[in-house]
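So you can see what is in the structure, the chains are spelled out below.
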Amino acid sequence: MSPLGTGTSSDGGPVAPDGSPVGLYRSFPPGGEPALIHEAVPPGCAVLELGCGAGRITHALVDLGHPVVAVDQSADMLACVRGATRVHADIEELDLPREFPAVVLASFLVNTVVPGQREAFLATCRRHVADDGVVLVQRTSPHWAASLRPGREHRSGEFLITVTEARLEGGFLHAAQECRRGETTWTHAWTDVVHSDEDMEKLAASAGLLLHRWLDEEREWALLRPAG
């Protein structure tokens, strides 16, 4: 996987290849994503989580009773994951000898700017989902991307998050943020391709998937099913 952004940590901690500071995602709260996933999949079903990072969502899914196979390209991130089967691999090259009732592609990975990569990610999802299973994909919401402004602040648990850059140009969101907790500051800059609803339908179809429904009002999370 090619680098997708840049990141730093004031404590000198490691940064994953996609620019995500490991220390930040090791300690960042899971938010409402695990509950949303849990409600959209069968109780206690196995979950393949692609791009699990430091286990921010993984650990909550395990606590909710889901056996998780957690995949990430960063060994530093994967070392933080507990309670799941860990697989160190690039998502686009993954080929496990099993299918899953639920596959999760979170962290806005479908918005990658690397040519051909989003199609490869979705092909991996289709390759590993059971014919009666579901694929849950988190995208950058077009509404959120259009409304983002530098200087915006919000709190998430112990973290104060400040947007330091936000430019939406030609369908690309160029953004950066600072996350502060106590005396430690993490920075992360990235660029996303912003996909419309129609774009998402076409991307899903190209991988043999159908966009079945949106899981939230912001239309950030899409539930896909295998076509046919």
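### Remarks on the overall build of the protein chain
Here is step 1: Check the secondary structure of the protein chain and you find 7 helices and 12 strands.
Here is step 2: A compact globule built from 228 residues should have a C-alpha radius of gyration of about 17 Å, and the protein chain, at 17 Å, falls within 12% of that.
Here is step 3: With the principal axes as the frame, the protein chain shows a C-alpha extent of 50 × 40 × 30 Å.
Here is step 4: Buried positions account for 51% of the 228 residues belonging to the protein chain.
Here is step 5: Considering only residue pairs separated by 6 or more positions, the protein chain has 56% of its internal contacts joining residues 24 or more positions apart.
Here is step 6: Averaged over its 19 positive side-chain charges, the protein chain has a centre that lies 2 Å from the centre of its 31 negative ones.

### Digging into helix 2 (residues 33-40)
Here is step 1: Of the positions making up helix 2, those classed as buried are Glu-33, Pro-34, Leu-36, Ile-37 and Ala-40. Buried residues of helix 2, viewed axially, fall in a sector of 160°; they line one side.
Here is step 2: Tucked inside the fold, the buried residues of helix 2 contact helix 3 (58-63), strand 5 (100-105), strand 6 (129-138) and strand 12 (221-226).

### A closer look at unusual backbone geometry
Here is step 1: With phi around 60°, Phe-108 is a residue other than glycine that occupies positive phi space.
Here is step 2: Checked against the element boundaries, Phe-108 lands in the loop between strand 5 and helix 5 (117-128).
Here is step 3: Note on Phe-108: relative accessible area 31%, which makes it partly exposed.
Here is step 4: Of note, the phi angle at Arg-219 is positive, near 55°, even though the residue is not glycine.
Here is step 5: Positionally, Arg-219 belongs in the loop between strand 11 (209-214) and strand 12.

### Comments concerning the pairing of strand 8 (residues 159-169)
Here is step 1: Both strand 7 (residues 153-156) and strand 8 contribute to a ladder of 4 bridges, which runs antiparallel. If you follow Arg-155 over to strand 8, its bridge partner there is Leu-160.
Here is step 2: If you look at the hairpin formed by strand 7 and strand 8, you'll find 2 residues sitting between the two strands, and Gly-157 has a positive phi there, around 60°.
Here is step 3: From the end of strand 8 to the start of strand 9 (residues 172-181), which pair antiparallel, there are 2 residues, and Gly-170 there has a positive phi angle of about 55°.

### Some remarks on the packing of helix 5 against helix 7 (residues 197-206)
To characterise two packed helices, one gives the angle between the axes of the helices and the distance between these axes.
Here is step 1: Where helix 5 meets helix 7, the axes come as close as 9 Å, and the angle between the chain directions of the two elements is 55°. With respect to helix 7, the axis of helix 5 lies oblique. Considering how the two elements wind past one another, helix 5 and helix 7 form a crossing that is right-handed. Residues Arg-118, Glu-119 and Leu-122 of helix 5 lie in contact with helix 7, whose contacting residues are Leu-203, Ala-204 and Ser-206.
Here is step 2: Classifying every residue of the contact of helix 5 with helix 7 by side-chain character gives 3 nonpolar, 1 polar and 2 charged.

### Concerning the pattern of salt bridges
Here is step 1: Inspection of every chain in the model, using the stated rule, returns 11 salt bridges.
Here is step 2: When the shortest N-O distance is used, the salt bridge between Asp-131 and Arg-126 registers 3.5 Å.
Here is step 3: The class of Asp-131 is exposed, set by a relative accessible area of 60%.
Here is step 4: Residue Arg-167 is joined to Glu-169 by a salt bridge in which the shortest nitrogen-to-oxygen separation is 3.0 Å.
Here is step 5: Classification of Glu-169 as partly exposed rests on a relative accessible area of 43%.

### Some points on the nonpolar core
Proteins that are soluble and globular tend to have nonpolar side chains buried together.
Here is step 1: Judged by nonpolar contacts, the single largest core of 28 residues is most densely connected at Leu-50 and Leu-105.
Here is step 2: When residues of this core are traced back to their parent elements, those giving at least two are strand 2 (47-50), strand 3 (68-72), strand 5, helix 5, strand 6, helix 7, strand 11 and strand 12.
Here is step 3: Each residue touching Leu-50, except ones within four places of it in the same chain, is listed here: Val-71, Ile-91, Leu-94, Val-103, Val-104, Leu-105, Ala-106, Leu-109, Thr-124 and Cys-125.
Here is step 4: Membership of the second largest hydrophobic core comes to 22 residues, among which are Val-47, Ile-57, Leu-78 and Leu-215.

How each quantity is defined
- Residues numbered from 1 in each chain as written.
- Predicted model: local features only at pLDDT ≥ 70, side-chain atom pairs only at ≥ 80, totals over all residues.
- Heavy atoms only, no water.
- Helix = DSSP H or I, 4+ residues; strand = E, 2+ residues; numbered from the N terminus.
- Rg over C-alpha atoms; globule rule 2.2 N^0.38 Å.
- Buried < 20%, exposed > 50% of the residue type's maximum accessible area, 1.4 Å probe, protein only.
- Contact = heavy atoms within 4.5 Å.
- Lys, Arg positive; Asp, Glu negative; His and termini not counted.
- Charge placed at Lys NZ, Arg CZ, Asp CG, Glu CD.
- Arc of directions from axis to C-beta.
- Pairing = 2+ DSSP bridges.
- Axes fitted to C-alpha atoms, helices over the stretch in contact; angles between N-to-C directions.
- Parallel < 35°, antiparallel > 145°, perpendicular 65-115°, else oblique.
- Left-handed = near helix turned anticlockwise from the far one by under 90°.
- Nonpolar A, V, L, I, M, F, W, Y, C, P; charged D, E, K, R; others polar.
- Salt bridge = Lys/Arg side-chain N within 4 Å of Asp/Glu carboxyl O.
- Core = buried A, V, L, I, M, F, W, Y, C linked by side-chain atoms within 4.5 Å.

Nothing here speaks to function; it is all geometry.
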